[in-house]
Amino acid sequence: PGVLVAEACEFNRSFHHHRPVIGLINNVEEDHLEIYGSLENIIQAFRDFAKLLPAADQGGRLLIAAEGAHLREVASDLPCRVSTFGWTPSADFQVQFDRRSRQASVLVDGQSVCTWVNQVPGDHMALNAAAAAILAHWLGLDWGGIGEALGTFGGVDRRMQKLGERRLRDGGTVTVFDDYGHHPTEVSTTLRAL
C-alpha cells in the first residue's frame, strides 16, 4: 500500500510529468532523436527528470547506472541522495553475474547482500533485476526475500519472451522469441544474450 512502480519512457519528455520520490536511470542513449535532436539534449532531459526528485531529507533518492547513464552529467549536484549500481567495484551496489549458471548477486562494500538465479538470460536482465532488488530494499524489503522472489521471476511479455518452436519446411525447427528492443544497442544486447 502506498507504493506505485512505473516504467517511464523518455519519449516526448513524458517522464517529466511524473513526481517520483525514488528514481532509477538504467542507461541514456541516442533514442527518440526525432524528439531530442542530439544526445546532449537527451542527457539534459534525464537531468531534468532527476531534478524532479525531492531532496534527500524528504526521502528523494536516485539509483543510476555507474556505466552508460552519463552519471556525471545527469546526477551531479542533485539535492536527492544518489547511489550507483553496475559491474564496477566502485559502484555503491556492485552487480556480479555468471552467464553460465545465471547466478546474480548484489554486493555492498565487496560483500554479497542478495543472490539469486536469473531465469531470463543476459547481462542486461541481471542488471535490471539488481536494480529492482535495490529499489525493493529501499522500500523496506529484506535482501533474502528479494533474492527468493527474483529467483522465481520468469520475465515479462515482449522482453526475450519465448513464444515457442516453429517447424521449417526442411524438417528443422527454430525457436521464436519476441523482444521489444528496437534500437541498435537493445537489439545487439538481446542477440548476445540469446
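Just above, that's the structure.
If you're wondering where the values come from, they're calculated on a predicted model, not measured in any experiment.

Engineer: Lay out a nonpolar patch on the surface in plain terms, naming residues and giving numbers.
Structural biologist: Taken together, the side chains of Leu 163, Leu 168, Val 174 and Val 176 make up a nonpolar region of the molecular surface, amounting to roughly 290 Å² of accessible area. Looking at where Leu 163 falls in the secondary structure, it is placed in strand E7 (residues 161-167).

Engineer: Please provide a residue-by-residue account of the side chain of Thr 84, values included.
Structural biologist: In this structure, Thr 84 sits in strand E3 (residues 81-86). In this structure Thr 84 comes out as buried when scored by relative accessible area, which is 11%.

Engineer: Can you explain the pattern of salt bridges? Please cite residues and give values.
Structural biologist: A complete count under the given rule lists one salt bridge for this structure. Ionic pairing is found between Arg 99 and Asp 123, a salt bridge with its closest N-O pair at 2.5 Å. With Arg 99 in the loop between strand E4 (93-98) and strand E5 (103-108) and Asp 123 in helix H4 (residues 123-138), this residue pair connects regions lying 24 residues apart in the sequence. Exposure remark for Arg 99: the relative accessible area of 63% places this residue in the exposed category. Asp 123 gets classed as partly exposed once you look at its relative accessible area, which sits at 24%.

Engineer: So what's going on with the packing of aromatic side chains? Residues and values would help.
Structural biologist: Scanning all chains against the criterion turns up three aromatic pairs. Their ring planes at 65 degrees and their centres at 5.1 Å tell us that Phe 15 and Phe 46 sit as a pair that is edge-to-face. Here Phe 15, found in the segment before strand E1 (22-25), pairs with Phe 46, found in helix H2 (residues 39-51); they are 31 residues apart in sequence, far enough to count as distant. Looking at Phe 15, the relative accessible area reads 2%, which means it is buried. On the basis of relative accessibility, which here comes to 9%, the residue Phe 46 falls in the buried class. Taking the centre distance of 5.1 Å and the plane angle of 10 degrees together, the rings of Phe 15 and Phe 49 count as stacked. Residue Phe 15 is located in the segment before E1, and its partner Phe 49 is located in helix H2; the two are separated by 34 residues in the primary sequence.

Engineer: Describe H2, listing the residues and the values that go with them.
Structural biologist: Taking 1.5 Å of rise per residue, 13 residues should cover 18 Å, and H2 covers 18 Å from first to last C-alpha, within 8% of that figure. Looking at the buried positions of H2, the neighbouring elements they touch are E1, helix H1 (33-36), strand E2 (61-65) and helix H3 (71-75).

Calculation criteria
- Every chain begins its residue count from 1, and numbering advances along the sequence as written.
- Residues qualify for local features only when their pLDDT is at least 70, as the model is predicted, and side-chain atom pairs are given and counted only at 80 or more; totals for whole chains, interfaces and linings, by contrast, use all residues.
- Side-chain numbers here rest on the full set of heavy atoms in the structure, without hydrogens or water.
- Each patch groups residues whose relative accessible area exceeds 30% and which form no salt bridge, using 9 Å between like charges and 5 Å between nonpolar side chains of Val, Leu, Ile, Met, Phe, Trp and Tyr.
- For accessible areas, the Shrake-Rupley method is used with a probe of radius 1.4 Å. Any residue's cover is judged against the shown protein chains and nothing else.
- Should a side-chain nitrogen of Lys or Arg be within 4 Å of a carboxyl oxygen of Asp or Glu, the pair is scored as a salt bridge.
- Numbering of helices and strands starts at the N terminus; helices are DSSP runs of H or I of at least 4 residues and strands are runs of E of at least 2.
- Each residue gets one of three labels from its accessible area relative to the maximum for its type: buried under 20%, exposed over 50%, partly exposed in between, using a 1.4 Å probe on protein chains only.
- Each aromatic pair joins two rings of Phe, Tyr and Trp (for Trp, the six-membered one) with centres within 6.5 Å, and gets the label stacked for planes under 30 degrees apart, edge-to-face for over 60, and tilted for any other angle.
- Every helix has an expected span of 1.5 Å times one less than the residues it contains.
- Contacts: residue pairs with any heavy atoms within 4.5 Å of one another.

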